[in-house]
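A closer look at the structure
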Number of protein chains: 2
Amino acid sequence: MGEIKIIEIKKSVFADNEQDANNLRKELKAKGIYLLNLMSAPGSGKTTTLIQTINRIKDKLNVAVMEADIDSDVDAIKIKEATGIPSIQLHTGGMCHLDAEMTRQGLDNVTTENIDLIILENVGNLVCPAEFDTGSCGNAMILSVPEGDDKPLKYPLMFSVCDLVIINKTDVLPYFDFDMEKCKKYILLRNPRAKVIPISAKTGEGVDDFANWLVNEVKTWRCEK
Amino acid sequence: MGEIKIIEIKKSVFADNEQDANNLRKELKAKGIYLLNLMSAPGSGKTTTLIQTINRIKDKLNVAVMEADIDSDVDAIKIKEATGIPSIQLHTGGMCHLDAEMTRQGLDNVTTENIDLIILENVGNLVCPAEFDTGSCGNAMILSVPEGDDKPLKYPLMFSVCDLVIINKTDVLPYFDFDMEKCKKYILLRNPRAKVIPISAKTGEGVDDFANWLVNEVKTWRCEK
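One structure accompanies this document, and this report is about it. Each chain has its residues counted from 1, following the order in which its sequence is written. Whichever chain is written first is A, and whichever ligand is written first is 1; the rest continue in order. With the structure being a predicted model, the display of local features is reserved for residues of pLDDT at least 70 and the display and counting of side-chain atom pairs for 80 or more, all residues being used for whole-chain, interface and lining totals. Hydrogens are left out, water is left out, and the side-chain values use all remaining heavy atoms of the structure.

Right, let's get into the overall build of chain A. A run of H or I in DSSP counts as a helix once it spans at least four residues, and a run of E counts as a strand once it spans at least two, with each numbered from the N terminus. When helices and strands are counted, chain A shows 8 helices and 8 strands. Note on method: radius of gyration uses C-alpha positions; expected globular size equals 2.2 Å times residues raised to 0.38. Whereas a compact globule of 225 residues would reach a radius of gyration of roughly 17 Å, chain A reaches 16 Å, a difference of no more than 12%. With the C-alpha coordinates of chain A rotated into their principal frame, the extents come out at 45 × 40 × 40 Å. A buried classification covers 62% of the 225 residues belonging to chain A. Note on contacts: a residue pair is in contact if any heavy atoms of the two residues lie within 4.5 Å. Here the contacts in chain A between residues at least 6 apart in sequence split such that 76% fall between residues at least 24 apart. Of the side-chain charges in chain A, 27 are positive and 34 negative, and the distance between the mean point of each set is 4 Å. Each residue gets one of three labels from its accessible area relative to the maximum for its type: buried under 20%, exposed over 50%, partly exposed in between, using a 1.4 Å probe on protein chains only. His is not counted, nor are the chain ends, whereas Lys and Arg count as positive and Asp and Glu as negative. We put the charge of a Lys on NZ, of an Arg on CZ, of an Asp on CG and of a Glu on CD.

Structure follows, in structure tokens:
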């Protein structure tokens, strides 16, 4: 499979992240590439979810992944080994989020030729990544059952910026006091337009729904003016 | 039980947080109050762990709790209702961590008379809180089994600044691929002096060990010059 490319991300010098993010989205649109910004708390199962999902869509879309982490390259290696798609590791050097310029540094180092979808796995954190527009075409997050159904009350901004909330680890619902209906209600309180998809990346339950959502998102976004 | 006091924390104006944190520690020492900074990812079980632990030590130590969150007051209410000890809520207004000045704003609003131990439940985040000295006398963190045994590799700073790492939710070990020995090895790689205590806040297993650690910490710290 070859070695994993590790990019050491530098702090942004741009003052206006919003403008920079809008420019990046325009550039992606011109290239026909959909960039998904995937966020979550540490340990919610982002990497396992991606592996399961990519293996379901890679015959329909050409996908690449950028794995952002403060340190380590375990995720990029896992993705590459389990799916065979291009995957690079971004090291944030202690920084807790990515903004548009940092995302661009990653994009400069990932294959973009014939690519339809690039997934950015953001730093595991429910606070800071929500505050910075990465220039992505869509935002999704994973909340996992063991984290508790009250998280939309505690991390309001994260839930309000996401088009999709995946609720992962439904296979362990019997062992946790997690009220799915209450959780959905809290999510919709924060963001009435959010789509909610419960899945178990471990058993595969519900992963097709996320895969279909992704394929549809890429198509719809390409048709939008 | 009365209403929960909610303090809206303002951003710090001090440039030198390290100096400010050292000053705060000296003031706490003069008052004989031990301040514990408890950190973790969202949903690791900080509040449940505190309730279980406080009910075991409240006849030995007078305890107060400051619950920091971006929003909501659910944790402070839970603590007060389940333990009867003084508990206040700190709202960080979107900020992802507390520094020494922000901690001081909380301390100005919590009962300190005859108090031996104040526990600061920091914002749920494995990145930013590790970077800011709160002025606490000790740092502890909770990693929960569902988050995975690889977290010390991904969030190195958090594990290196903590005197104690609690591994919570051991009751669900059978349902997750979590290797306790591997996790301990990774923690000690980051921080050879870290104490590791596995617990289940749900079943109570191991909570006595954390309670004893806390009581001993407060005693030792008071004896130190």
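Continuing now.
Our focus in this paragraph is the packing of aromatic side chains. Centre-to-centre distance and the angle between the planes together describe a pair of aromatic rings. Centres within 6.5 Å are what make two rings of Phe, Tyr or Trp a pair, Trp counting through its six-membered ring; a difference in plane orientation under 30 degrees is then read as stacked, over 60 as edge-to-face, and the rest as tilted. Under the defined criterion, the tally for this structure stands at 6 aromatic pairs over all chains. Between Tyr34 of chain B and Trp221 of chain B the ring centres are 5.6 Å apart and the planes differ by 85 degrees, which places this aromatic pair in the edge-to-face class. Placement of Tyr34 of chain B in strand S2 (residues 34–40) and of Trp221 of chain B in helix H8 (residues 207–223) is noted, with a sequence separation of 187 residues between them. Our definition puts a charge over a ring when NZ of Lys or CZ of Arg is within 6 Å of the ring centre and also within 35 degrees of the ring normal. Of note, Lys29 of chain A hangs over the ring of Trp221 of chain A, and the distance from its end group to the ring centre comes to 4.9 Å.

With that settled, consider the relation of the copies chain A and chain B. We place the copies in one frame by least squares, fitting the C-alpha atoms of every residue whose pLDDT is at least 70 in both. Of the two same-sequence chains, chain A is brought onto chain B (RMSD 0.0 Å, axial shift 0.0 Å) by a rotation of 180 degrees. Expressed as a symmetry operation, the mapping of one chain copy onto the other fits a two-fold axis. For chain A, the minimum C-alpha distance to the rotation axis belongs to Asn125 of chain A and amounts to 2.9 Å. A symmetric contact is evident, with 100% of the interface residues of chain A recurring at the interface of chain B.

Take the interface of chain A and chain B next. Taken together, the contacts link 34 residues of chain A with 34 residues of chain B. Defined in terms of a 1.4 Å probe, buried area is the accessible area two parts forfeit on being brought together, summed over both. When the buried area of chain A at its contact with chain B is split by residue, Pro42, Lys154 and Tyr175 of chain A rank highest and sum to 23% of it. For salt bridges, the criterion is a side-chain nitrogen of Lys or Arg within 4 Å of an Asp or Glu carboxyl oxygen. Of the charged contacts in the structure, one is a salt bridge between Lys154 of chain A and Asp75 of chain B, with a shortest N-O distance of 2.7 Å.

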